[in-house]
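For reference, the chains in residue letters:
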Amino acid sequence: MRGPVRLTLLALLTGATIGSWAVLTLLVAPVAGARRAVRRGALRAWGRLGTRILGIRLAVEGRPPVAPFYLVSNHLGYLDILVYAALSPVRFVAKREVRRWPLLGAATAAMGTIFIDREVKRDAVRTLDAMAEAIAQGDGVLVFAEATSTAGHGVLPFRPALLEWAARTGHPVHYASIAYATPPGGPPAHLAVCWWGEMTFGDHLAALARLPWVAATVRFGAAPIAEQDRKRLAGRLHAAVSAQFIPVVVE
């Protein structure tokens, strides 16, 4: 499938997903549980179909946690959102700039992403409250704990700020790692799939869509981790994710 065809199909899928979600939400508006079920189903369908359109070959090791859950992962770029959406009905915590991304921004905003303004320190308090409310409502919440995306040399230290609620309440935190590979002889995954540094979104997405396929491997940890100190929690989670992470860049 050619790159422009893939992008067109992805755009149509995203529009149809948002539209159908909006209509169904209106139909079940009085029932909060039904609205959440519609949102979860729409997001997962979007992730599964979107990964197929882009030729993503998913390999999953371990079992995804069952909602409600708190999950942390390393972060390699915007494709992580589509992959995790295909695997679990999860609400993402993302920087506010994601809302403006073509295709992915509109879909994740409609599906309940919790956006954080990292330039405003006090916004972390609002974000923590929103995360706690989401989990209380039975949702799964995913935080990319490095707070930025990388080329995949390794896993950056995890930021402890968004682990405050989990540490304070003793809530267990699940963890996962994600990695990518491209076809032999093709452009390396750290340039063609991972999105980091000063890469422009549109050009990168167009190049990604031209790849014949991309292998995505997600490894879920065997058991969640609980700590009452957020820094210790961040350190233990970072060590666990690093231990199972598959480097994208092999020196």
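Structure's up top.
Predicted, not measured: the structure shown is a model, and the values here were computed from it.

Draft legend 1. The arrangement of the sheet that holds strand E7 (residues 214–220) in detail. With mixed pairing, seven strands are arranged side by side in an open sheet as E1-E7-E6-E2-E5-E3-E4. Each of the sheet's edge strands pairs with one partner strand only, and the pair in question is strand E1 (56–61) and strand E4 (114–116). Mean inter-strand twist for the sheet, computed between neighbouring axes without regard to direction, equals 25°. Pairing analysis gives four bridges linking strand E3 (residues 90–95) to strand E5 (residues 140–144), with the strands arranged parallel. Within E5, the residue paired with Arg 91 across the bridge is Val 141. Where helix H5 (residues 123–136) meets the sheet, it contacts strand E2 (69–73), E3, E4 and E5, and its direction lies at approximately 165° from that of E4.

Draft legend 2. Examining helix H3 (residues 79–87) more closely. In terms of burial, H3 is largely enclosed, as nine of its nine residues are buried. Turning to H3, its buried residues are Leu 79, Asp 80, Ile 81, Leu 82, Val 83, Tyr 84, Ala 85, Ala 86 and Leu 87.

Draft legend 3. Here's a closer look at helix H9 (residues 230–244). A rise of 1.5 Å per residue sets the reference length of H9, with its 15 residues, at 21 Å; its end C-alpha atoms lie 21 Å apart and thus fit the reference within 8%. Among the residues of H9, those classed as buried are Leu 233, Ala 234, Leu 237, Ala 240, Val 241 and Gln 244. Buried residues of H9 fall within an arc of 135° about the axis and therefore sit on the same side. Among the exposed residues of H9, those oriented more than 90 degrees off its buried face are Lys 231 and Ala 243. For H9, the elements touching its buried residues are E2, helix H6 (164–169), strand E6 (174–181) and E7. Capping the start of H9 is the job of one residue whose side-chain oxygen sits 3.0 Å from the backbone nitrogen of Lys 231: Asp 229.

Draft legend 4. Focus on the packing of aromatic side chains. Taken as a whole and judged by the stated rule, the model has six aromatic pairs. Geometrically, the ring pair formed by Tyr 78 and Phe 201 is tilted, given 4.7 Å between the ring centres and 55° between the ring planes. Here Tyr 78, found in the loop between E2 and H3, pairs with Phe 201, found in helix H8 (residues 201–210); they are 123 residues apart in sequence, far enough to count as distant. In this structure, Tyr 78 and Phe 201 share a single accessibility class: buried. Each ring, one from Tyr 84 and one from Phe 144, has its centre 6.2 Å from the other, and the planes form 55°; the classification is tilted. With Tyr 84 in helix H3 and Phe 144 in strand E5, the pair connects residues that are 60 residues apart, well separated along the chain. Both residues of the pair, Tyr 84 and Phe 144, belong to the buried class. An aromatic cluster is built from Tyr 84, Phe 92, Phe 144 and Phe 220, whose rings are joined through pairwise contacts.

Draft legend 5. Spatial organisation of the side chain of Ser 177. Turning to its location among the elements, Ser 177 is positioned in strand E6. At a separation of 3.4 Å, a polar atom in the side chain of Ser 177 contacts the side chain of Gln 244. Once residues lying within four places of it in the same chain are set aside, the contact partners of Ser 177 are Ser 73, Asn 74, Tyr 84, Thr 217, Val 218, Arg 219, Val 241, Gln 244 and Phe 245.

Draft legend 6. Inspection of unusual backbone geometry at higher detail. With an omega of 5°, the peptide bond running from Ala 67 to Pro 68 counts as cis. Tracing the sequence through the fold places Pro 68 in the loop between E1 and E2. Located in the positive-phi region is Ala 147, a residue other than glycine, with phi close to 70°. Residue placement: Ala 147 occurs in the loop between E5 and H6.

Draft legend 7. Focus on the pattern of salt bridges. Taken as a whole and judged by the stated rule, the model has nine salt bridges. With a shortest N-O distance of 3.5 Å, Arg 168 and Glu 164 are connected by a salt bridge. With Arg 168 and Glu 164 both in helix H6 and four residues apart, this pair spans about one turn of that helix. Assessed through its relative accessible area of 53%, Arg 168 is described here as exposed. Glu 164 gets classed as partly exposed once you look at its relative accessible area, which sits at 25%. With a closest N to O distance of 3.2 Å, Glu 227 and Arg 236 form a salt bridge. Residue classification places Glu 227 among the buried positions, given a relative accessible area of 18%. Classification of Arg 236 as partly exposed rests on a relative accessible area of 40%. One salt-bridge network, held together by shared partners, links Arg 40, Arg 91 and Asp 139.

Conventions and cut-offs
Residues numbered from 1 in each chain as written. Predicted model: local features only at pLDDT ≥ 70, side-chain atom pairs only at ≥ 80, totals over all residues. Heavy atoms only, no water. Pairing = 2+ DSSP bridges. Helix = DSSP H or I, 4+ residues; strand = E, 2+ residues; numbered from the N terminus. Axes fitted to C-alpha atoms, helices over the stretch in contact; angles between N-to-C directions. Contact = heavy atoms within 4.5 Å. Buried < 20%, exposed > 50% of the residue type's maximum accessible area, 1.4 Å probe, protein only. Expected span 1.5 Å × (residues − 1). Arc of directions from axis to C-beta. Polar contact = N/O pair within 3.5 Å; in protein donor to acceptor, adjacent residues only side chain to side chain. Phe/Tyr/Trp six-rings, centres within 6.5 Å; stacked < 30°, edge-to-face > 60°. Salt bridge = Lys/Arg side-chain N within 4 Å of Asp/Glu carboxyl O.

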